[in-house]
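Each chain, letter by letter, is given below.
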Amino acid sequence: MSVDEIFEKLLSSESIFKNKRVLSHDYVPEILPHREREIQKLAYILATALKGGKPSNVFMYGKTGTGKTAVARYVLKKLSERGERLGLDLSYAYVNCRYRKTNYRVLVKICDEIGCVGLPETGLPTDAIFDKLIRYIDMKEKLVIIILDELDWLVKTSGDDVLYQLTRINNELDRSQVSLIGITNDLKFREYLDSRVLSSLSEESIVFSPYNAQQIYDILKQRAEMAFRDQVVEDSALRLAAAIAAQEHGDARRAIDLLRVAGEIVERNGDSKLLEKHILMAKDEVEKDLIEMTVSELPLQEQLILLSIVKAHNNRNGSKKVTTGIVKSIYEEICHELGYKPVTLRRINDIISDLEMLGIISAPVVSLGRYGRTKLIHMEVPVKSIMKVFEKEERFSDVLAENNKK
DNA sequence: TGTCCACTGGAAGGGAGGGCTT
DNA sequence: AAGCCCTCCCTTCCAGTGGACA
């Protein structure tokens, strides 16, 4: 089929989607099923703002896809609508720390969100940005609510300095006030925090438990009705998607991804109904895409280490364990062959930790007694998807060719 | 019971690539 | 242009450690 034909086909056939945007990550529906309790609690806390007071800081915990972000956005949206009607000056900033791992970038993003735009991505002292933020907020008499999503990433990579400053920002403000909402999916995260920051941040806390299959089904049903034309989606397909997502610790976002990708597959194939088989196809595609994208965006050294880990697993005869030391020696061989300068063991160790954070590998520290202490490295994703990325990279072709010979 | 392996992971710092202010 | 300060990736140095083995 030529490109023209593809376009033609897509345009001429009636889309199975009614409103595809409903299935995107940042869409917040009018009704959030099974989160009534959490919404109420957050609304109670934030309602203080409507009377001109400063709401308590809130800490929200819960695994990925349990609705934390959606609840926060939902309540904030309602709050600012209501605030507007009452003539209150209220604004909020949403920052996902996963994509802005430094203090500086988080601050710039906050400024950006509340309308203080045009700050450079790099260059200024962090303090200068902080001052700008304070001055901007204090310009008008207003309440600013800052949502810090995936806060654990920020604290793990650059400490809690900014968090500390933010929890104390009200001392610096004369006319305005700031409330913080911290969101994390790492339940052990509290341990990393300075106790002053923790107590200030968790004046209130809300815990989100994972959805079960029935609840995910309800969510999917709601979205499917909005997203697809009538009679397109089979109920069994929704059940299956819900079951798959429930297995993976009740992640509703994953379930919605499955539904969206399945819809795309249906459309691509020119089918008219979304069935169980499409969900299964979507499952593979979603996983593969995610892994391939992650791996292909890794910096050179991280790719080299990952390649070494994959090789170590391939070479492993029988029960030989893959440890940091083994990866290091294979990595050094590969660097030698390809003419790269190898990084030190200390750096390798950090890279292994990074790969673990990304979920590509698991690397718990174990003690082998007499044989020392090390990380025991396992693959957490199919090797095939990783290799697919490396095979496309010309710079690795030499090592891979030799690998195939063996 | 103590030793000692093979690391782990904190701390400090450097230098390349970049932007801001003066 | 100089002098700061930023991030990112990396190095050097080193104290700390769980548990198999002698």
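Rules used in this analysis
Residues numbered from 1 in each chain as written. Chains lettered and ligands numbered in written order. Predicted model: local features only at pLDDT ≥ 70, side-chain atom pairs only at ≥ 80, totals over all residues. Heavy atoms only, no water. Near = heavy atom within 4 Å. Polar contact = N/O pair within 3.5 Å; in protein donor to acceptor, adjacent residues only side chain to side chain. Helix = DSSP H or I, 4+ residues; strand = E, 2+ residues; numbered from the N terminus. Nonpolar A, V, L, I, M, F, W, Y, C, P; charged D, E, K, R; others polar. Phe/Tyr/Trp six-rings, centres within 6.5 Å; stacked < 30°, edge-to-face > 60°. Buried < 20%, exposed > 50% of the residue type's maximum accessible area, 1.4 Å probe, protein only. Lys NZ or Arg CZ within 6 Å of the ring centre and 35° of its normal. Patch = residues over 30% accessible without salt bridge, like charges linked within 9 Å, V, L, I, M, F, W, Y side chains within 5 Å. Areas by Shrake-Rupley, 256 points an atom, 1.4 Å probe, with all protein chains shown as cover. Salt bridge = Lys/Arg side-chain N within 4 Å of Asp/Glu carboxyl O. Disulfide = S-S within 2.5 Å. Lys, Arg positive; Asp, Glu negative; His and termini not counted. Contact = heavy atoms within 4.5 Å.

## Focus: the protein's contact with DNA strand B
In the vicinity of DNA strand B, 18 residues are found, and the nearest of them are T324, R346, G372, R373 and K375. Those atoms of DNA strand B that come within 4 Å of the protein belong to sugar or phosphate at a rate of 64%. Take K375: an N or O atom from its side chain is 3.0 Å from a phosphate oxygen of DNA strand B. Elements supplying a minimum of two residues to the surface near DNA strand B: α15 (324–338), α16 (345–357) and β8 (373–375). Split by residue class, the surface near DNA strand B holds five nonpolar, nine polar and four charged.

## Let's talk about the packing of aromatic side chains
Inspection of every chain in the model, using the stated rule, returns three aromatic pairs. Aromatic pair F59 and Y61: ring centres 4.9 Å apart, planes at 80 degrees, arrangement edge-to-face. When its relative accessible area of 0% is taken as the criterion, F59 is described as buried. For Y61, a relative accessible area of 6% translates into the label buried. Look at F390 and F396: their rings are 5.2 Å apart centre to centre, the planes differ by 85 degrees, and that puts the pair in the edge-to-face class. In this arrangement the basic side chain of R73 is found over the ring face of Y94, its NZ or CZ atom lying 4.1 Å from the centre. We note R239 situated over the ring of Y217; from NZ or CZ to the ring centre the distance is 3.7 Å.

## What about a nonpolar patch on the surface?
The grouping of M1, V3, I6 and F7 at the surface amounts to a nonpolar patch, some 450 Å² of accessible area in total. Judged by its relative accessible area of 52%, V3 falls in the exposed class.

## What to know about the state of the cysteines
Taken as a whole and judged by the stated rule, the model has zero disulfides. For C97, which is in no disulfide, the shortest distance to another cysteine sulfur is to C111 and amounts to 14 Å.

## Side note on the side chain of K68
Positionally, K68 belongs in helix α3 (residues 68–85). Lacking a salt bridge, the buried K68 has D149 as its closest oppositely charged neighbour, with an N-O distance of 6.0 Å. Each residue touching K68, except ones within four places of it in the same chain, is listed here: M60, Y61, G62, K63, I183, T184, N185 and F208.

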